[in-house]
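Letter by letter, the chains look like this.
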Amino acid sequence: MKFQRTLCVLIILAICSPLSADETHIDFKKQIAPIFVEHCLRCHSPGIDKGDLSLDTIEDLKANDYLIAGAPDSSYLMDLVTSHNGEAPAMPKEAEPLSDDDVTLLRKWIQQGATWPDDVVLKEKSKADFSWWSLQPLRQFNDSTELQIDDFIKAKLRENGLSLSPQADRRTLIRRLSFDLHGLPPTPKEVQEFVNDPDPDAYTKLVDRMLDSPHYGERYAQHWLDLAHYADTHGFERDKRRDSAWRYRDYVINSLNEDKPYDRFLQEQIAGDVLWPEDEQAVIATGFLAAGPWDFVGQVETKSEELRRSARSLDLDDMATQVMTSTMATTINCCRCHDHKLDPISQEEYYQLRAVFAGIKREERVVSDDAMTRYENIKTELTKTLQKIDTEIGKLEGSGLNLADMVGGGNGLGSGTFRKGIDARSGEIQVRNLSGLDNVVTNNFVTTSSEFIDGVFVPDGQDGLAEITVSSTGLTVSGLNKTSGAAWDLIRNGPVASQHSPELGGIDFTKEGHSLLGLHANSGVTVDVEAIRKVHRKTKLRFTAKVGYFGASGGFRADAWIFLDGNLVKKFSQLGRDQGLQEIDLEIPLHSRFLTLISTDGGNGYGHDQIGFGDPVLKPDESVELSTEDQQRLTDLRLERISTQQQLSSLEAPPKFYGVVTKKDSTPVYLLTRGDSESPSGPPLAPGALRSLSMLDPDLGTLKTTEGERRVALAKWITHSENPLTPRVIVNRLWHWHFGQGIVNTPSDFGFGGDRPSHPELLDWLAMRLQQEGWSLKAMHRLILNSETYKQQSRHNEDAIGMTIDADNRLLWRQNSRRLEAEAIRDAVLMVSGCLNLERGGPGFEDFTYQEAYAPIYQYITADEPALFRRSIYRYVVRTTPDRFLTTLDCPDPANLTAKRMTTTTPLQSLALYNNDFMLRQARYFAQRVEAEAGETVVGQVNRAFELSLCRLPQGQEQQFAISFVKQYGLFALCRSLFNTNEYLYVD
């Protein structure tokens with residue numbers, strides 16, 4: 001606390017004290033402020049506040065008692081910065097003391113009244129300024145077309161007394177290329193053909209063939225999805241599914257395969273829906289902005305506006321951070337609470353970037369709104385035609401009237417709307433999903449606008465003590481059990497919201513030919529049978545249905561009740577999922593007017609209590625005789641129905657994907673003090689970019705600029721031909737993916753906190769070549785892969801001179817030996833075993849069982865069928881429940897932006913590779929494949945196993961050892977061991 005008072009004294013002193021005539025006036029801005037900025041603000045600024053003190057404005061000092069204006073000897077600040085008894089001053093802490101001149105200036109400033117102008121706000125200087133290397137324009141090379149990658153590498157090596165290593169052998173090169181470009185090993189046939197190819201251009205042609213393969217996009221899409229922290233679920237505590245997110249994943253794969261110019265690739269992902277709204281792929285590309293985690297509870301379910309604002313703030317941070325980190329390797333999220341400490345980025349600029357995304361939110365959406373409108377119009381017309389046909393058929397053949405259809409607003413003959421329902425609180429008919437209902441009043445009968453539904457209510461029998469009104473005429477029922485008094489969703493024409501399943505007893509009641517009247521406990525509905533008789537001229541009727549519990553298993557129970565004119569005729573107590581369907585066949589006497597259906601929660605709360613009446617029909621209890629004319633009409637109608645139904649069934653809705661949509665209530669963006677969503681300050685901020693790139697205009701619009709225009713402006717700013725960061729960053733990423741380390745070894749941080757380029761001229765030359773090549777990534781691959789630098793061998797002696805001069809191989813005097821990533825290991829295992837399923841695109845495969853719950857349960861299973869043997873890029877990625885096998889092998893957490901994967905070496909990895917059930921089964925399939933291809937001779941089996949797994953035959957004593965091993969332990973043991981060798985798991 002002493003320290004607190006001292007520092008405060010320093011600044012409060014800035015407020016008042018007369019100036020002596022013989023003293024020179026101390027200029028705070030020029031003389032005192034620099035002292036604070038250089039020595040104090042690193043610990044005493046907003047967001048840090050050590051000692052509960054911030055020194056950015058005078059307001060921060062007025063509440064403290066650090067300075068005594070006019071009295072430096074009594075000011076604790078002077079005591080802190082002055083040496084006592086030869087000991088170092090207490091402040092600045094862990095730094096050089098202030099100079100005598102600085103101490104003298106502070107003393108004079110306090111003596112003169114410690115004046116601090118109101119308009120002066122102190123900010124700590126960033127470590128880097130506008131002159132930082134990555135913010136400068138690209139170098140220009142007069143002889144750029146004559147230069148090659150190797151020219152830059154060799155020049156740097158010569159400066160350090162080094163040279164390139166010899167070229168790797170062809171077997172090594174094809175294996176390296178195959179894993180680099182495809183993430184898969186080459187086949188023995190491909191290796192043999194390349195090794196024996198006499199064509200001097202064989203390597204160059206191999207590079208071209210591999211770049212032209214669809215496997216290239218599958219390989220490099222994974223790198224990009226790491227940057228986008230893509231997954232197929234939301235994350236956070238609910239971790240709900242995103243079943244249409246895969247379309248963005250396929251967009252990335254296809255864009256890379258077709259070599260879409262990189263600038264266009266970025267523009268589509270930031271603003272494709274605005275720039276090219278008729279291009280479905282460009283619209284799907286915006287799934288990039290929504291690829292990261294999303295707090296469903298914080299943004300949807302919470303009733304706290306404060307928590308909602310906090311979650312939304314984090315959401316905007318994620319979008320802005322992802323775009324700037326992936327495209328420009330700029331760590332803007334460091335500015336959420338204060339100006340960037342390392343890079344020349346202000347907190348205001350950070351919030352201006354967030355303003356670009358303030359008008360959008362993450363949501364599943366259709367690819368094309370126009371296409372959706374056309375689809376809906378056609379579907380509506382066909383549905384109306386079908387309903388008219390069904391109505392006429394129903395009247396002619398007396399097939400019955402559907403109660404679910406009536407709840408959906410229809411007449412019982414197919415004119416209602418699927419998923420429409422009635423709110424038991426108000427009688428209102430609507431379509432939207434509701435969860436737990438608010439403001440429920442039990443035993444309150446309300447009428448509806450439906451012609452045949454008399455009314456609805458939420459029952460609570462109070463263990464037989466309550467008389468419950470169930471009709472507009474005042475009929476009551478009694479004898480019901482006590483309930484929780486709560487209710488969920490509407491009374492539905494179809495499954496209720498969040499229903500566990502519409503299937504029971506082997507019947508899916510959402511399929512053609514079936515229907516479902518859904519009642520989530522607690523609810524009741526009364527049908528006016530007399531009104532039905534009058535309109536449809538049906539006299540004697542029967543009610544048939546199949547009632548069941550459509551909620552989850554696990555001991556959940558609910559009750560179902562049927563009343564006629566207030567009299568109980570059927571009761572189904574403690575229905576559970578294990579009881580299946582209960583048949584109902586009930587005669588409706590001519591004098592009966594009201595049929596009432598009720599579901600109650602069984603006395604154990606209403607969670608999961610989803611009662612359903614399947615195929616609920618009121619049918620004539622008498623035969624219908626048709627005239628010859630009516631019979632012919634019925635035949636014609638049935639044929640017309642088949643034709644119309646075929647048209648309706650073949651009608652495909654526009655595809656949906658998980659992306660971003662425009663918010664209806666876009667709120668202004670303010671600078672948040674210390675990043676607190678409850679502490680906005682200053683005026684609303686217009687969208688803007690970074691001022692540190694002085695060659696570009698940071699203005700991205702005004703407060704009135706639409707959200708689409710804001711994203712377009714940012715996309716064009718990022719891909720502007722004079723922006724040096726964007727091309728530098730992507731060519732550095734390519735270099736990193738090919739060498740295991742970038743020219744800048746922090747691929748997502750080109751700022752002061754990141755690495756410095758090992759070959760700055762080469763980096764700029766590559767960035768310039770990218771633009772010259774029309775932003776073609778494949779052209780850059782060719783440059784890199786055809787270089788001598790890339791083709792070097794990785795093997796070296798520990799006493800090599802390079803190890804002494806450049807042990808980290810930053811100068812690239814050899815190629816780097818790299819371990820395969822988790823997905824590449826899995827895919828290679830499947831390929832070698834002969835199990836790999838090369839099916840491309842579409843929804844991801846689910847190697848887990850799924851159980852719907854508040855927090856869904858994903859339980860992984862061993863992949864042991866063709867549908868689960870697809871490439872890892874097509875996995876359904878669960879954010880909060882990652883695959884343990886892949887995680888053990890350093891597969892990254894999809895909640896985080898991953899620019900550079902970790903490579904660890906742990907005992908768990910060896911155990912997983914040797915004992916994991918997937919690996920054991922694949923080793924057996926591998927052994928079976930070897931036996932089938934090599935025959936029964938052990939020598940042939942050993943040779944084939946080595947060819948398939950290591951792309952070579954066993955050498956020297958390897959063969960004899962392997963033969964002996966197989967004879968003693970079996971072929972399975974050899975295959976299992978080969979999967980665990982370093983040679984198998986490493987690229988070189």
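This one's a predicted model, so the numbers in the text were calculated from it and none came from an experiment.

**Some remarks on the overall build of the protein chain**
Turning to step 1, where the next piece is worked out: The helix and strand tally for the protein chain stands at 34 helices and 24 strands.
Turning to step 2, where the next piece is worked out: Across its three principal directions, the C-alpha atoms of the protein chain cover 110 × 95 × 50 Å.
Turning to step 3, where the next piece is worked out: When each of the 988 residues of the protein chain is scored for burial, the buried share is 55%.
Turning to step 4, where the next piece is worked out: Here the contacts in the protein chain between residues at least 6 apart in sequence split such that 73% fall between residues at least 24 apart.
Turning to step 5, where the next piece is worked out: Total accessible area on the protein chain stands at roughly 42600 Å², and carbon and sulfur atoms take up 49% of it.
Turning to step 6, where the next piece is worked out: Considering the protein chain, the positive charge centre built from 108 side chains and the negative charge centre built from 141 side chains are found 2 Å apart.

**Overview of helix α6 (residues 149–159)**
Along an α-helix, residues three or four positions apart point the same way, because every turn accommodates 3.6 residues.
Turning to step 1, where the next piece is worked out: Buried residues of α6: Ile149, Asp150, Phe152, Ile153 and Leu157, and no others. The buried residues of α6 occupy one face: seen down the axis, they fall within an arc of 160°. In α6, the exposed positions that point more than 90 degrees away from the buried face belong to Arg158 and Glu159.
Turning to step 2, where the next piece is worked out: Residues of α6 that are buried make contact with α22 (725–739), α23 (760–772), α24 (777–785) and α25 (788–791).
Turning to step 3, where the next piece is worked out: Note on α6: the residue one or two positions beyond its end, Gly161, has a positive phi of about 70°.

**Section: the packing of aromatic side chains**
Turning to step 1, where the next piece is worked out: Under the defined criterion, the tally for this structure stands at 33 aromatic pairs.
Turning to step 2, where the next piece is worked out: Put simply, the rings of Trp224, Tyr230, Tyr248, Tyr251, Tyr262, Phe265, Phe288 and Trp775 touch in pairs and so form one group of aromatic residues.
Turning to step 3, where the next piece is worked out: The cationic tip of Lys240 hangs over the ring face of Phe296; the distance from NZ or CZ to the ring centre is 4.9 Å.
Turning to step 4, where the next piece is worked out: The side chain of Arg756 reaches across the aromatic face of Phe752, ending 5.1 Å from its centre.

**With respect to the sheet that holds strand β15 (residues 558–564)**
Turning to step 1, where the next piece is worked out: Across the sheet, which stays open at both edges, the six strands sit in the order β5-β6-β13-β18-β15-β16 with antiparallel pairing between neighbours. Looking at strand neighbours, the two that pair on one side only are β5 (446–447) and β16 (567–575), the edges of this open sheet.
Turning to step 2, where the next piece is worked out: Note that strand β6 (residues 453–457) and strand β13 (residues 523–528) share four bridges and pair antiparallel. For Phe457, the partnering residue across the bridge sits in β13 and is Gly524.

**Re the nonpolar core**
Turning to step 1, where the next piece is worked out: If you look at the biggest cluster of nonpolar residues, it comprises 166 residues, and the most contacted ones within it are Phe357, Trp717, Trp735 and Trp765.
Turning to step 2, where the next piece is worked out: Ignoring any residue separated from it by four or fewer positions in sequence, one finds Trp735 in contact with Ile149, Ile153, Gly740, Gln741, Gly742, Ile743, Leu762, Leu766, Ile784 and Leu812.
Turning to step 3, where the next piece is worked out: Judged by nonpolar contacts, the second largest core, of 44 residues, contains Val407, Ala424, Ala487 and Val525.

**A closer look at the packing of helix α15 (residues 305–328) against helix α21 (residues 707–718)**
Turning to step 1, where the next piece is worked out: Taken N-terminus to C-terminus, the directions of α15 and α21 make an angle of 20°; their axes are 11 Å apart at the nearest point. In terms of axis orientation, α15 runs roughly parallel to α21. Both α15 and α21 take part in a crossing whose hand is right-handed. Seen from α15, the contacting residues are Val323, Met324, Thr327 and Met328; seen from α21, they are Leu714, Trp717 and Ile718.
Turning to step 2, where the next piece is worked out: Looking at side-chain class alone, the contact of α15 with α21 contains six nonpolar, one polar and no charged residues.

**A look at the environment of Ala271**
Turning to step 1, where the next piece is worked out: The residue Ala271 is located in helix α12 (residues 262–275) in this model.
Turning to step 2, where the next piece is worked out: For Ala271, a relative accessible area of 0% gives the class buried.
Turning to step 3, where the next piece is worked out: In sequence terms Ala271 and Arg710 are 439 residues apart; their C-alpha atoms lie 8.9 Å from each other.
Turning to step 4, where the next piece is worked out: Residues contacting Ala271, with those up to four places away along its chain left out, are Arg711, Val712 and Ala715.

**So, the pairing of strand β24 (residues 857–860)**
Turning to step 1, where the next piece is worked out: Two strands pair when backbone bridges link them, and strand β23 (residues 848–851) and β24 are joined in this way by four bridges, in the antiparallel orientation. Across the sheet, residue Tyr850 finds its bridge partner in β24, namely Tyr858.

**Some thoughts on the pattern of salt bridges**
Side chains that differ in sign of charge can pair as their charged atoms come close.
Turning to step 1, where the next piece is worked out: The final tally for this structure, using the stated rule, is 53 salt bridges.
Turning to step 2, where the next piece is worked out: Of the charged contacts in the structure, one is a salt bridge between Glu258 and Lys260, with a shortest N-O distance of 3.8 Å.
Turning to step 3, where the next piece is worked out: Look at Glu258 and you get exposed, because its relative accessible area is 53%.
Turning to step 4, where the next piece is worked out: We classify Lys260 as buried; its relative accessible area is 12%.
Turning to step 5, where the next piece is worked out: Via salt bridges that share partners, Glu218, Arg826, Asp827, Arg840 and Arg871 belong to a single interconnected network.

**Let's talk about helix α29 (residues 907–915)**
Turning to step 1, where the next piece is worked out: Within the span of α29, buried status applies to Gln909, Ala912 and Leu913. Here the buried residues of α29 occupy an arc of 95° about the axis, which is enough to place them on one side. Turned more than 90 degrees from where α29 packs its buried face, Pro907 and Leu908 sit exposed.

**Some thoughts on the packing of helix α7 (residues 170–182) against helix α9 (residues 202–212)**
Turning to step 1, where the next piece is worked out: Look at α7 against α9: their axes get within 10 Å of each other, and the N-to-C directions meet at 20°. The orientation of α7 with respect to α9, classified from their angle, is roughly parallel. For α7 against α9, the interelement crossing comes out right-handed. For the pair α7 and α9, contact is made by Arg170, Leu173, Ile174, Leu177, Ser178, Leu181 and His182 and by Ala202, Tyr203, Leu206, Val207, Met210 and Leu211, respectively.

**Some words on unusual backbone geometry**
Turning to step 1, where the next piece is worked out: Backbone torsion omega between Ala521 and Asn522 reads 5°, so that peptide bond is classified as cis.
Turning to step 2, where the next piece is worked out: The backbone phi angle of Ala329 is positive, close to 50°, even though this residue is not glycine.
Turning to step 3, where the next piece is worked out: Relative to the helices and strands, Ala329 is located in the loop between α15 and α16 (347–356).
Turning to step 4, where the next piece is worked out: With a phi close to 60°, Asp489 is a non-glycine residue in the positive phi region.
Turning to step 5, where the next piece is worked out: Topologically, Asp489 is positioned in the loop between β8 (476–477) and β9 (491–493).

**Quick notes on the environment of Leu838**
Turning to step 1, where the next piece is worked out: In this fold, Leu838 is placed in the loop between α27 (822–833) and β23.
Turning to step 2, where the next piece is worked out: Overall, Leu838 belongs to the partly exposed group, its relative accessible area being 47%.
Turning to step 3, where the next piece is worked out: Sequence separation between Leu838 and Trp116 is 722 residues, and the spatial gap between their C-alpha atoms is 71 Å.

**So, the environment of Pro856**
Turning to step 1, where the next piece is worked out: With respect to the element layout, Pro856 can be found in the loop between β23 and β24.
Turning to step 2, where the next piece is worked out: Using a relative accessible area of 10% as the deciding quantity, one classes Pro856 as buried.
Turning to step 3, where the next piece is worked out: In sequence terms Pro856 and Thr881 are 25 residues apart; their C-alpha atoms lie 10.0 Å from each other.
Turning to step 4, where the next piece is worked out: Aside from chain neighbours lying at most four places away, what touches Pro856 is Arg238, Asp239, Lys240, Tyr850 and Gln851.

**Points about the side chain of Asp601**
Turning to step 1, where the next piece is worked out: Inspection of the secondary structure puts Asp601 in the loop between β18 (594–600) and β19 (610–620).
Turning to step 2, where the next piece is worked out: We note that Asp601 is buried and unpaired, the nearest opposite charge coming from Lys482 at a distance of 9.2 Å.
Turning to step 3, where the next piece is worked out: Looking at Asp601, its side chain comes within polar contact range of the side chain of Ser484, at 2.8 Å.
Turning to step 4, where the next piece is worked out: What Asp601 contacts, discounting residues up to four positions off in sequence, is Lys482, Thr483, Ser484, Ala521, Asn522, Arg557, Ala558, Tyr606 and Asp609.

**Digging into the state of the cysteines**
Turning to step 1, where the next piece is worked out: For the coordinates displayed, the defined rule picks out zero disulfides.
Turning to step 2, where the next piece is worked out: The thiol sulfur of Cys951 is not disulfide-bonded, and the nearest other cysteine sulfur, from Cys975, lies at 15 Å.
Turning to step 3, where the next piece is worked out: Residue Cys951 is classed as buried on the basis of its relative accessible area, which comes to 6%.

**Focus on the confidence of the model for the protein chain**
Turning to step 1, where the next piece is worked out: Confidence along the protein chain averages 90 in pLDDT terms, with 94% of residues attaining 70 or more.
Turning to step 2, where the next piece is worked out: Overall, residues 1–22 carries pLDDT values under 50, and its contacts beyond four positions in sequence, including any with other chains, amount to 99 contacts.

Basis of the calculations
- Residues numbered from 1 in each chain as written.
- Predicted model: local features only at pLDDT ≥ 70, side-chain atom pairs only at ≥ 80, totals over all residues.
- Heavy atoms only, no water.
- Helix = DSSP H or I, 4+ residues; strand = E, 2+ residues; numbered from the N terminus.
- Buried < 20%, exposed > 50% of the residue type's maximum accessible area, 1.4 Å probe, protein only.
- Contact = heavy atoms within 4.5 Å.
- Areas by Shrake-Rupley, 256 points an atom, 1.4 Å probe, with all protein chains shown as cover.
- Lys, Arg positive; Asp, Glu negative; His and termini not counted.
- Charge placed at Lys NZ, Arg CZ, Asp CG, Glu CD.
- Arc of directions from axis to C-beta.
- Phe/Tyr/Trp six-rings, centres within 6.5 Å; stacked < 30°, edge-to-face > 60°.
- Lys NZ or Arg CZ within 6 Å of the ring centre and 35° of its normal.
- Pairing = 2+ DSSP bridges.
- Core = buried A, V, L, I, M, F, W, Y, C linked by side-chain atoms within 4.5 Å.
- Axes fitted to C-alpha atoms, helices over the stretch in contact; angles between N-to-C directions.
- Parallel < 35°, antiparallel > 145°, perpendicular 65-115°, else oblique.
- Left-handed = near helix turned anticlockwise from the far one by under 90°.
- Nonpolar A, V, L, I, M, F, W, Y, C, P; charged D, E, K, R; others polar.
- Salt bridge = Lys/Arg side-chain N within 4 Å of Asp/Glu carboxyl O.
- Polar contact = N/O pair within 3.5 Å; in protein donor to acceptor, adjacent residues only side chain to side chain.
- Disulfide = S-S within 2.5 Å.
- pLDDT = per-residue confidence, 0-100.

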